[in-house]
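Commentary on secondary and tertiary structure
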Amino acid sequence: MWWQKEIQLNAKQRGFHLVTEEILQQLPELSLIDIGLVNIFIQHTSASLTVNENADYTVREDFERFFNKAVPENEPYFKHTYEGSDDMPAHLKSSLLGASLTIPVTKGRLNLGTWQGIYLCEHRNYGGKRRLIITLQGELAD
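Residues numbered from 1 in each chain as written. Predicted model: local features only at pLDDT ≥ 70, side-chain atom pairs only at ≥ 80, totals over all residues. Heavy atoms only, no water.

1. Here we look at the sheet that holds strand E5 (residues 100–106)
Adjacent strands of a sheet pair through backbone hydrogen bonds, lying either parallel or antiparallel. Let me state the cut-off plainly: DSSP calls a pair of strands paired once it identifies at least 2 bridges connecting them. Strands here mean DSSP runs of E at least two residues long; helices mean DSSP runs of H or I at least four residues long; both are numbered from the N terminus.
Within the open sheet, the 5 strands sit side by side as E1-E8-E3-E5-E6. Their pairing is antiparallel. Among the strands making up the open sheet, the edge pair consists of strand E1 (2–9) and strand E6 (109–110). The pairing of strand E3 (residues 33–42) with strand E8 (residues 130–140) spans 9 bridges and is antiparallel. Its bridge partner lying in E8, Phe41 is registered against Ile133.

Right, dumping it as structure tokens:
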């Protein structure tokens with residue numbers, strides 16, 4: 001079985017946000033799959049997705065600090081600046097982290113590790129709502 005839908009995440013401030021539950025609330029079809037895969041694709045070039053620590057919020061704060069240091073704003077060599085000083089760094093951060101995730105599905109649940117969660121990595125100061133395309137494939141549960 002293949003299935004696809006678009007969902008939307010609420011606007012978030014700049015930073016790294018756990019969105020696992022927000023995604024699952026909009027994905028009741030997941031419970032129908034016994035074994036399969038879900039692909040989550042973000043339709044934006046200034047935000048990204050990743051899987052990492054879901055227990056300690058300081059990990060997300062450290063992510064933000066690291067990426068701001070690795071890809072600083074207001075660099076004199078940036079030419080793409082007409083959308084603001086955070087725009088070009090947001091594109092670079094998005095490319096470094098990636099636009100999609102593929103996660104195994106087992107018995108109607110995401111088969112993430114004990115301490116893993118899905119992050120929305122919001123790289124813009126005012127990114128707005130973010131659209132995700134969810135593609136689910138797998139064998140239906142009996």
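2. So, the pattern of salt bridges
Rules: Each reported salt bridge corresponds to a side-chain nitrogen of Lys or Arg within 4 Å of a carboxyl oxygen of Asp or Glu. For every residue, the accessible area obtained with a 1.4 Å probe (protein chains only) is divided by the maximum for its type, and the residue is called buried under 20%, exposed over 50%, and partly exposed between those limits.
Counted according to the given criterion, the structure contains 11 salt bridges. A salt bridge links Arg131 to Glu6, with the shortest nitrogen-to-oxygen separation between them at 4.0 Å. Highlighted residues: Arg131 in strand E8 and Glu6 in strand E1, separated in sequence by 125 residues. Take Arg131: its relative accessible area is 30%, and that puts it in the partly exposed class. Ionic pairing is found between Glu122 and Arg130, a salt bridge with its closest N-O pair at 2.8 Å.

3. What to know about the packing of aromatic side chains
What counts here: To pair, rings of Phe, Tyr and Trp, with the six-membered ring standing in for Trp, must have centres within 6.5 Å; the planes then decide the type, stacked if under 30 degrees apart, edge-to-face if over 60, and tilted in the middle.
Tallied over the full model, the rule gives 7 aromatic pairs. Between Phe16 and Tyr119 the ring centres are 6.4 Å apart and the planes differ by 70 degrees, which places this aromatic pair in the edge-to-face class. On the criterion of sequence distance, the pair formed by Phe16 in strand E2 (residues 15–18) and Tyr119 in strand E7 (residues 116–122) is long-range, its members being 103 residues apart. According to the relative accessible area criterion, Phe16 is buried, its value standing at 6%. On the basis of relative accessibility, which here comes to 0%, the residue Tyr119 falls in the buried class. Judged by centre distance (6.3 Å) and plane angle (25 degrees), the ring pair of Phe63 and Phe67 falls under stacked.

4. Details of helix H3 (residues 87–97)
This is how it is decided: Contacts are assigned to residue pairs with any non-hydrogen atoms lying within 4.5 Å of each other.
Among all positions in H3, only Asp87, Met88, Pro89, Ala90, Lys93, Ser94 and Leu97 are buried. Buried-residue contacts for H3 involve E2, strand E4 (47–53), helix H2 (57–70) and E7. After H3 finishes, the residue Gly98 shows a positive phi value of roughly 110 degrees.

5. Focus: the side chain of His44
Put simply, the rule is: Polar contact is defined as a pair of N or O atoms within 3.5 Å, subject to the rule that within protein one atom must be able to donate a hydrogen and the other to accept it, and that residues adjacent in sequence are counted only when both atoms are side-chain atoms.
Structurally, His44 is set in the loop between E3 and E4. In this structure the side chain of His44 is engaged in a polar contact, spanning 3.1 Å, whose partner is the side chain of Arg130. Ignoring any residue separated from it by four or fewer positions in sequence, one finds His44 in contact with Ser94, Lys129, Arg130 and Arg131.

6. Digging into the sheet that holds E7
We apply this condition: Note on geometry: axes are lines fitted to C-alpha atoms, helical ones only across the stretch in contact, with angles between N-to-C directions running from 0 to 180 degrees.
Strands sit in the order E2-E7-E4 across an open sheet of 3 strands; the sheet is antiparallel. One side of each edge strand has no neighbouring strand; the edge strands of this open sheet are E2 and E4. Pairwise comparison of adjacent strand axes, ignoring direction, gives a mean angle of 35 degrees for this sheet. Bridging between E2 and E7 involves 4 bridges; their strand directions are antiparallel. Its bridge partner being in E7, His17 is matched across the sheet by Leu120. Contacting E2, E4 and E7, H2 crosses the sheet at an angle of about 150 degrees to E2. On top of the sheet, H3 reaches E2, E4 and E7; it is set at about 45 degrees to E4, its chief contact.

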